[in-house]
Structures are given as C-alpha cells and as structure tokens.
Amino acid sequence: MLVRVWELLVNLLSSRPGTQVLQPVLALGTMFVSLQVLLYEWLERQSGVVLSLGTYLRSYLFKQGAVGFIAIVIVAGIVGRSAQQANPQSWRKRLANTLPSLRRTAVVVAVLAVAAVVIGALSPRQVQSIRVRFFGTPTFDKYALAYLLYELNGQQRSWYYEINFDEFRPAELTTVERETCQRDSRPLLCYAKAQAAGRPFIGITSDSLGEDHFWQNDGAVSVISTDEVNPGQSPRLYEYLAHAVVVNSMMIHLNAFCGGFPRQAPGEQRESYGGLFQFVPRRQALRPAILAAHLSPTEEELLIKCFGPDYVRVASRVVALEWLRTDPIQSELERGFGIKP
Amino acid sequence: MPHMIFLLITHVLVSALPHPTGDPPFNGRKGRKIVYTAERHCGQSRQIRFTTEVEQVLFALNSVQGKFKVLRLQIENGCDTDLKLSALNDRIDIEFAEGDVQGSLDLSALAPALWDSLDTGMRSLLTYPAHIEPRETESIFVFVPVSSAKGMPRGLRYGVQTLGSALELRDRTAAAR
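Small disclaimer: the values here were computed from a predicted structure and weren't measured.

Peer 1: Could you give me a rundown of the overall build of chain A, with the residues and numbers involved?
Peer 2: Along chain A, the regular secondary structure elements total 13 helices and five strands. In terms of overall dimensions, chain A has C-alpha extents of about 85 × 55 × 45 Å along its principal axes. By the burial criterion, 42% of the 341 residues in chain A qualify as buried. Here the contacts in chain A between residues at least 6 apart in sequence split such that 66% fall between residues at least 24 apart. By element, 60% of the accessible surface of chain A is carried by carbon and sulfur atoms, the whole surface being about 18700 Å². Across chain A, the centroid of the 34 positively charged side chains sits 15 Å from that of the 29 negatively charged ones.

Structural data, given as structure tokens:
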C-alpha cells in the first residue's frame, strides 16, 4: 500500500512541469525522516524505554542526527559539484581549478569539524563515581551493604560506588570545618560536604537527621539515615538502603552534571504519585514508593536527555530492586551476612 | 647405592644446619627495629595484640615539623567483640630514661594549626578510632613533643578505659640481647 502511494507520488512529481524542483527536497526529507526513525529505534532498543515523539524530538540524539545530516548534505553538495566539473580537461584548466578545489576541500573539512564539535557538545554527560562512607557506627551490617553496592557496580560499567570502610569521625575535620558544622542546622550534611571536597559523595548513618526523615541532599552530596526505618516492616532495611542509595545517586548525578533534578514548588505537598524525586508527604508513604519504585516518563526523559540510553536502562532496572529480590542475592545475604529474606 | 647413601647423609646434615632465614638477634644486622608488644586475652586463645616498632636512627632523626615524634601503634583485635576506644578517656605514656612523657592521641587538639594544614586523607588516617571491629587491625598514632623525647623509649603504657588496667608494651627481645 505504502509502495503504491510512493509510486503515485513519484509519478505525479515527475509528470507535472514545475514540480521537478520539489524532487530533491522530497528526497532529502525522506532521507532525514528515515535516519531519524532508525535513530529512534536504536535509542528505544538501547534504553528499553518507549519514548514519546515529543521526548524524542527534544532528545540529544534527534539533534545530533539533524546536525550530522545537514553536514553530510553540505559535504555531498560540494563533492557533487566538483565531480561534475571533473570532466576531461587540459592540464592548463586543471591547474587553474586547483585553487578552487583546495578551497572546496577546506570547506568540507571545516563543515565536518564543526559538525563533530556540535555533535560532541550535544552528547550525554559522563558521570563520576560516587564515594560512600559511614558516619558513626551503623546499626546495620555495613559489609552487607557493601556487598549490595558491589552488586550495583556490576550492573553497569561507566561509574562505581567507592566505599571507605573507616567510619567518619568529626575529629577528622579542620578546626574551621568542625566549628562551622557544629553551628549548621544540618551537621551531618555539612560533614558530608567537607568530606566530599567537590566530588560526588554519600554519607550513610544510623543517626537521626533531625527534621528530615530519610535523606538530605545538596548538590553532589547526600546523607542517608536508617533512623526512621523499621526493620520489621517491608521494605526491609537493606531494600530501603539500596533504594535510597540509587535515588540519591541519580539526584547527585543530575545536580552535578545536568543542572539539577526537578524540584517541586516550595511549600507543603499533600499529594504524591510516588515519583523518585518527589517530596514524601508522610513517613509511611515512602514504603509504597520503594515497593513500587520505577522511573516515570518525565524522569526517563530527563535522564535520557542528560546521560543517554545506557544510563536510563540501568537506572530503570536497579531502581525497581528486582535484582535485590533475586534468589542468588537473597541467599548470599543470608549465607554471608545472616540476613534473612 | 653408596652414592645414594652419601647423598642422603649429606641432605640430613645440611638440613640440620641453621637456616639463614629469620632475624636472629646476634647477626650484626644494622637498623634492627625494636618491637614493643603487649597482649590482652579475651576468651579462649583469643587476644588483642598491641605492637609498636621503633627504628633507632629514624626515631632520632624524624619528627613532624620539628615538633613531634610519632609512634605508630598497631592494634590487632582478635576478639569477637568491638574494642571501644576514646580519645578523651584513653591515655598513653612513653617511658624514657629521663622519665615518663604523656603522648597525645589527638593531634587536632595538640596542634590545631598543624592539623588544619594536613589534607583530608591524612587527617582521616591520624584520627583516633572510636572502635576496632572484631578480627580487624587498626593503627593509632601517638605524638610526643620532641623536647621531651630524649633517647629511645624503654616502653609504653597504654590505658584503654574499656580494657581496665593499663597495658605495658615492652621490647620482648631485650632479655635475649
């Protein structure tokens, strides 16, 4: 059917006088659409996420495809013209044409170089590894958590959790840092910032965070607390920790490398759809959010725009915590650390 | 056959000779470290072992900014429970020929300016730990004012509040020298 329509269109354009000027435009348009369809399918396959047309049109890949296509069209135009002129000529004429052909080569190189720079600038950001340290002596088994973080490291290749097993003590800080943090309303976050030294960092503690229940985040630094978690309830402590670490890692990456995660309007929030970066209106509301954790279309779009399809594929897999609930990991937790499912 | 018997006898005799391995005290080796040790038992065949090694020449020459001598005390917790430590409540004294000198376990309190000049990693290493986990080994660093550290230490007296009486770290090879 589509072939028939195409044939009719081609016949129409070739038979009618004056429509021949539309032929190259139509050809280019068709090629452009075909290229974008291929790129869309590749992106969908890589990320495992079905993207809306609007999301794709705003994505880095659409823009990269457009820039690459324009560059190729320009280069093809220049090369095509020079090929037309490359008929048998006398050596005098060829010599006279040397200068323009050098100029054309320079233009081709310049166009390709500019396209390469623009495509590079549009590429997803590279994220850094995140350092993890325990603040004070945790009430949970820090080696069991380390095992889970190493399992997470095994899920992807571009960045890692680096764990420092030496528990942080405020005495490590300089005199000024210690005094500043003692005055701070969020001292643990202040310690974490001092430890981070500008690099992504997560502090994990069993102590209370004061007015905040589960975690605190500022830029590339987070502190996660287990103080409010009831280990007898589902999700269990290690599920909570895995969820908190994964969500905070995404927030840190978005803050540090992509202009920040979407914050809500200031003020008290009463409603929630269980979004990863949403304010939790009640303490107990985090439990269903963890049990049904997933990336919303908005979050997928944001992450794909910032970090590319591979990041989104891994993020949507690890945030659902299915990997944690698999038999091999549950049995290793029980055998190695005495943590029963 | 006689060859075999000869080889066998030679092998037995060579095996009986002292091996040139290990560190016998009378081998004339230079730079021998003095090792001060103490143990505290915690149940059946389990113990916490405290060790400090001091090399005479380096101890005489080295200091931090010309102000403090540093001793590294290694604690090997062989017990099944945490060893709780406290920079406030624990205490260490170093015995010199001219008398005992109290060492500091907290450089940040002893020399804040020096402490602040150190990088994050070094401060983390030098901070007195809050506890030592079971079956783990940690190092603590003891700072002694240069003006008080005359000669080589004779021993150390380390008081850990949670262990009760103070530990006497002595050079166990001294009697054999």
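Text resumes after the structure shown.
Peer 1: Tell me about the overall build of chain B, and name the residues and values.
Peer 2: A tally of regular secondary structure across chain B gives five helices and ten strands. Counting over 177 residues, chain B shows a buried share of 36%. Of all intrachain contacts in chain B linking residues separated by at least 6 positions in sequence, the fraction that spans at least 24 positions is 67%. Carbon and sulfur atoms make up 58% of the accessible area of chain B, which totals about 10600 Å².

Peer 1: Just give me the short version of the interface of chain B and chain A, but keep the residues and values in it.
Peer 2: As a measure of interface size, the accessible area lost when the parts come together is often cited. On the side of chain A, 15 residues touch chain B, which itself brings 15 residues to the contact. Taken together, the two surfaces of chain B and chain A that pack against each other cover about 1100 Å², and 37% of this comes from carbon and sulfur. Where chain B packs against chain A, one counts two salt bridges. Between chain B and chain A we count eleven residue pairs in polar contact (both at pLDDT 80 or more) in total. Residue assignment for the side of chain B that touches chain A shows that the elements contributing at least two residues are helix H4 (112-117), helix H5 (120-126) and strand S8 (136-145) of chain B. Looking at side-chain class alone, the side of chain B that touches chain A contains five nonpolar, five polar and five charged residues.

Peer 1: Can you break down the packing of aromatic side chains residue by residue, with the values?
Peer 2: Evaluated as defined, the whole model comprises 15 aromatic pairs over all chains. Here the aromatic rings of Trp 159 of chain A and Tyr 161 of chain A are separated by 5.0 Å at their centres, their planes lie at 75 degrees, and the arrangement is edge-to-face. For the pair shown, Trp 159 of chain A and Tyr 161 of chain A are each scored as buried. Summarising the aromatic geometry, the rings of Phe 50 of chain B and Tyr 158 of chain B are spaced 5.8 Å apart at their centres and angled 75 degrees between planes, so their arrangement reads as edge-to-face. Of this pair, Phe 50 of chain B sits in strand S2 (residues 47-55) while Tyr 158 of chain B sits in strand S9 (residues 155-159); the two residues are 108 residues apart in sequence, bridging distant segments of the chain.

Peer 1: Explain the confidence of the model for chain B residue by residue, including any values.
Peer 2: All names here are of chain B. In this model, chain B carries an average pLDDT of 85, and 80% of its residues clear a pLDDT of 70 or more. Taken as a whole, residues 16-24 scores under 50 in pLDDT and shows two contacts with residues more than four places along the chain or in a different chain. For this predicted complex, the interface confidence reaches an ipTM of 0.71, while the overall pTM sits at 0.76.

Peer 1: Pulling in residues and values, what's your account of the sheet that holds strand S3 (residues 201-205) of chain A?
Peer 2: Sheet strands associate in pairs through backbone hydrogen bonding, adopting either a parallel or an antiparallel arrangement. Residue and element names in this part refer to chain A. A sheet is described by the order of its strands in space; here five strands give the open sequence S2-S1-S3-S5-S4, paired in mixed fashion. Edge positions in the sheet fall to strand S2 (161-168) and strand S4 (215-218), since each has one partner strand and no second. With direction set aside, neighbouring strand axes in the sheet form an average angle of 15 degrees. Packing against the sheet, helix H6 (residues 142-153) makes contact with strand S1 (130-135), S2 and S3, and its axis sits at approximately 165 degrees to S2. Helix-sheet contacts for helix H8 (residues 187-196) involve S1, S2, S3, S4 and strand S5 (221-225), and the interaxial angle to S5 is about 135 degrees.

Peer 1: Run through the layout of surface pockets, naming residues and quoting values.
Peer 2: Put simply, the second largest pocket is a space of about 370 Å³. Taken together, 22 residues line the second largest pocket, and the ones lying closest to its centre are Asp 166, Glu 167 and Arg 169 of chain A together with Pro 129 and Glu 138 of chain B. The set of elements that each furnish at least two residues to the lining of the second largest pocket consists of H6 and S2 of chain A together with H5, strand S7 (131-132) and S8 of chain B. Split by residue class, the lining of the second largest pocket holds eight nonpolar, six polar and eight charged.

Peer 1: Talk me through the domain arrangement of chain A; I want residue IDs and the actual numbers.
Peer 2: Residues and elements named next belong to chain A. Here chain A is described as being made up of domain 1 (2-121) and domain 2 (130-337). With centres defined by C-alpha atoms, the gap from domain 1 to domain 2 works out at 46 Å. Listed as interface residues are ten residues of domain 1 and, on the opposing side, eight residues of domain 2. Together domain 1 and domain 2 conceal approximately 850 Å² of surface at their shared face, both sides included; 66% is due to carbon and sulfur atoms. Where domain 1 meets domain 2, there are one salt bridge. Here domain 1 and domain 2 share two residue pairs in polar contact (both at pLDDT 80 or more) between them.

Peer 1: Would you mind going over empty space enclosed by the protein in detail, with residue names and values included?
Peer 2: Residues and elements named next belong to chain A. Counting across every chain of the model gives one cavity of 30 Å³ or more. When its volume is computed, the largest cavity comes out at roughly 170 Å³. Gln 156, Trp 159, Val 314, Ala 315 and Val 318 are the residues nearest the centre of the largest cavity, which is lined by 13 residues in total. Sorting elements by how many residues they give to the lining of the largest cavity places helix H12 (residues 309-319) first, with five residues. Class assignment of the residues belonging to the lining of the largest cavity gives a composition of nine nonpolar, three polar and one charged.

Peer 1: I'd love a proper account of the nonpolar core, names of residues and values included.
Peer 2: The biggest cluster of nonpolar side chains holds 68 residues, and the ones touching the most others in it are Ile 204, Tyr 240 and Met 250 of chain A. Ranked by residue count, the leading element in this core is helix H9 (residues 237-257) of chain A, at 13 residues. Of the domains in this structure, domain 1 (2-121) and domain 2 (130-337) of chain A are the two that each give at least three residues to this core. Contacts of Tyr 240 of chain A, omitting those with residues within four sequence positions, involve Phe 214, Trp 215, Ile 224, Ser 225, Thr 226, Val 229, Leu 286 and Ile 290 of chain A. Leu 71, Leu 73, Ile 75 and Leu 169 of chain B belong to the second largest nonpolar core, which has 30 residues in total.

Peer 1: How would you explain the sheet that holds strand S10 (residues 167-171) of chain B if you had to name every residue and give the values?
Peer 2: All names here are of chain B. Across the sheet, which stays open at both edges, the eight strands sit in the order S6-S5-S9-S10-S1-S2-S3-S8 with antiparallel pairing between neighbours. Of all strands in the sheet, those bounded by a partner on one side alone are strand S6 (99-103) and S8. The sheet shows a mean angle of 25 degrees between the axes of neighbouring strands, direction not considered. As judged from the two bridges shared by strand S1 (residues 33-41) and S10, these two strands associate in the antiparallel manner. Looking at the pairing, Thr 37 lines up with Arg 170 of S10.

Peer 1: A description of helix H11 (residues 297-307) of chain A should follow, citing residues and the corresponding values.
Peer 2: Each α-helix winds once per 3.6 residues, and so residues spaced three or four apart point in a common direction. The element H11 of chain A is extensively covered by neighbouring structure, given that eight of its eleven residues are classed as buried. Within the span of H11 of chain A, buried status applies to Glu 299, Glu 300, Glu 301, Leu 302, Leu 303, Ile 304, Cys 306 and Phe 307 of chain A.

The rules behind each value
- Residues numbered from 1 in each chain as written.
- Chains lettered and ligands numbered in written order.
- Predicted model: local features only at pLDDT ≥ 70, side-chain atom pairs only at ≥ 80, totals over all residues.
- Heavy atoms only, no water.
- Helix = DSSP H or I, 4+ residues; strand = E, 2+ residues; numbered from the N terminus.
- Buried < 20%, exposed > 50% of the residue type's maximum accessible area, 1.4 Å probe, protein only.
- Contact = heavy atoms within 4.5 Å.
- Areas by Shrake-Rupley, 256 points an atom, 1.4 Å probe, with all protein chains shown as cover.
- Lys, Arg positive; Asp, Glu negative; His and termini not counted.
- Charge placed at Lys NZ, Arg CZ, Asp CG, Glu CD.
- Buried area = accessible area lost by both parts, 1.4 Å probe.
- Salt bridge = Lys/Arg side-chain N within 4 Å of Asp/Glu carboxyl O.
- Polar contact = N/O pair within 3.5 Å; in protein donor to acceptor, adjacent residues only side chain to side chain.
- Nonpolar A, V, L, I, M, F, W, Y, C, P; charged D, E, K, R; others polar.
- Phe/Tyr/Trp six-rings, centres within 6.5 Å; stacked < 30°, edge-to-face > 60°.
- pLDDT = per-residue confidence, 0-100.
- Pairing = 2+ DSSP bridges.
- Axes fitted to C-alpha atoms, helices over the stretch in contact; angles between N-to-C directions.
- 1 Å grid on protein atoms, 1.4 Å probe; cavity = no way out; pocket = protein on both sides within 12 Å on 5 of 7 lines; lining within 4 Å.
- Points joined across faces, edges and corners; volume = space filled by probe spheres on them.
- Domains from an automatic or database assignment.
- Core = buried A, V, L, I, M, F, W, Y, C linked by side-chain atoms within 4.5 Å.

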